[in-house]
There are 2 protein chains.
Amino acid sequence: MGVVKVYGVAASPYVATVLVCLEEAGAAYELVPVDMAAREQKSQHHLARNPFGKIPAFEDEEVTLFESRAIQRYVLRKYNRTDLLREGNLEESAMVDVWREVEAHHYEPAISHIVRECVIKPMIGGGTRDQAIVDENVEKLKKVLEVYEKRLSDSVYLAGDFISVADLNHFPYTYFLMTTEYATLVESCTNVKAWWERLLVRPSVRKVAAMLAPLVT
Amino acid sequence: MGVVKVYGVAASPYVATVLVCLEEAGAAYELVPVDMAAREQKSQHHLARNPFGKIPAFEDEEVTLFESRAIQRYVLRKYNRTDLLREGNLEESAMVDVWREVEAHHYEPAISHIVRECVIKPMIGGGTRDQAIVDENVEKLKKVLEVYEKRLSDSVYLAGDFISVADLNHFPYTYFLMTTEYATLVESCTNVKAWWERLLVRPSVRKVAAMLAPLVT
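If you're wondering where the values come from, they're calculated on a predicted model, not measured in any experiment.

(A) Structural view of the overall build of chain A. For chain A, the count of helices and strands is 10 helices and four strands. In chain A, the succession of α and β elements from N to C terminus is β-α-β-α-β-β-α-α-α-α-α-α-α-α. Since a compact globule built from 217 residues should have a radius of gyration of about 17 Å, the 17 Å found for chain A is in line with a globular shape. Each of the three principal axes of chain A carries a C-alpha extent, and together these read 45 × 45 × 25 Å. Taking all 217 residues of chain A together, 58% fall into the buried category. In chain A, 25 side chains carry a positive charge and 31 a negative one; their mean positions are 1 Å apart.

Have a look at this one:
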């Protein structure tokens, strides 16, 4: 199989989750830079790949996709890593879907604001931190983590006693959070902390973490 | 197969999308009311079904699920309506996933604010409309609909020339929008309007629309 292309920058958590899946799949891929400072994501040639002018976009020969979670599912299916989706098992795949949705609609809406204010803004020279936004979302994230702490007392990973894409999707934003003083939010939850450490030692995660590390040090 | 239970109220767009899938599947189901005014969704017995205290929750014998989009996929798989997911076709299923994500991350974030201010608040006695929120989100929705109008000039439905859950997910919020003066946003887009009319005549959609109609008249 040929080399697939991911358009974007690894610093985008949405791009990074796609890269983790490609690494899990052992796929040959090329990360094609999109110059965000020059607003290349709004150029006509990028809009042809992603009509909303966002990253990532993805190309595999004749197939062009956008939306990171859709790209992930395509990659895992194409490269026979549907074990990370648990497809073939009705109940387990449903639990993977439940916790993918939890990540998308509960975890990310809280953590993304904290990471944007504390990590992304300084990284791209995008202004000063708005502490009120941080404080508001720290409270939201605390409540989400309470649910995670309870869930991870019942199972090793979020969807069950097996790793899935639902776990992997938490990596980029959590990685950035852990470089801030708000790492304590994770560290104070015993089960969440142990789960995070299990994720961190995976080769796919280590590989993408190595791409992110220079951005925050 | 037995009767599955959906906990919630049809007025919730998230509950309604699950009901549309159950209707498409021809499944026997019971809608178990959750008294939102009495905050029953935050009660211990509901939190056991949905730890975030939201609706819907779903029970099928030993399986308990939450998050509407995860429940949808489970229902369509269980009742052999995976044609609405296009599973089995790598590229088509990816396009379904792309447009499900577009609905979740572009369409809904705009339209939900308009519907909340113009329909939900009056319905539940939740205060007066905040026109500034409406105006801001009308502008966002216009931009999203521009993308849809172009997409629907290339294909009959969002993911291709076949109906899928990606289309069906647009039904509840759009149904409510069409009862307001902002129906013109849809009516002024020729292709979007034709697509919406194709959705409206589906038996599953007509059935759930009949449950919503008394709420807004």
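There is more to say after this.
(B) Representation of the UniProt feature "domain: GST C-terminal" (unreviewed entry) in chain A within the structure. Residues annotated in UniProt with the feature "domain: GST C-terminal" (unreviewed entry) correspond here to residues 89–217 of chain A. The straight-line gap between the two end C-alpha atoms of residues 89–217 of chain A is 42 Å; of that span, 78% is helix and 0% is strand.

(C) Broad picture of helix α1 (residues 13–25) of chain B. Residue and element names in this part refer to chain B. In this model α1 runs 18 Å from its N-terminal to its C-terminal C-alpha over 13 residues, within 8% of the 18 Å that 1.5 Å per residue would give. Turning to α1, its buried residues number three or more, namely P13, V15, A16, T17, V18, L19, V20, C21, L22, E24 and A25. At its buried positions, α1 is contacted by β1 (4–7), β2 (29–32), α3 (68–78), α6 (165–168), α7 (171–177) and α10 (203–216). The positive-phi residue at the C-terminal boundary of α1 is G26, with phi of around 65°.

(D) Focus on the pattern of salt bridges. Applying the stated criterion across every chain, the model contains 38 salt bridges over all chains. Note that R73 of chain B is salt-bridged to D97 of chain B, the shortest N-O span being 2.9 Å. Here R73 of chain B, found in helix α3, pairs with D97 of chain B, found in helix α4 (residues 90–124); they are 24 residues apart in sequence, far enough to count as distant. Grouping residues by exposure puts R73 of chain B and D97 of chain B together as buried. Residues participating in the shared-partner salt-bridge network are R73, R77, E87 and D97 of chain A together with R73, R77, E87 and D97 of chain B.

(E) Spatial organisation of the relation of the copies chain B and chain A. Each copy superposes on the other: chain B lies on chain A with an RMSD of 0.0 Å after a rotation of 180° and an axial shift of 0.0 Å. The two molecules are tied by a two-fold rotation axis, judged by turn and shift. Comparing interface residues between copies, 100% of those in chain B also lie at the interface in chain A; the contact surface is shared.

Thresholds applied
- Residues numbered from 1 in each chain as written.
- Chains lettered and ligands numbered in written order.
- Predicted model: local features only at pLDDT ≥ 70, side-chain atom pairs only at ≥ 80, totals over all residues.
- Heavy atoms only, no water.
- Helix = DSSP H or I, 4+ residues; strand = E, 2+ residues; numbered from the N terminus.
- Rg over C-alpha atoms; globule rule 2.2 N^0.38 Å.
- Buried < 20%, exposed > 50% of the residue type's maximum accessible area, 1.4 Å probe, protein only.
- Lys, Arg positive; Asp, Glu negative; His and termini not counted.
- Charge placed at Lys NZ, Arg CZ, Asp CG, Glu CD.
- UniProt positions renumbered as here; feature names shortened; annotations may be inferred.
- Expected span 1.5 Å × (residues − 1).
- Contact = heavy atoms within 4.5 Å.
- Salt bridge = Lys/Arg side-chain N within 4 Å of Asp/Glu carboxyl O.
- Least-squares fit on C-alpha atoms with pLDDT ≥ 70 in both.

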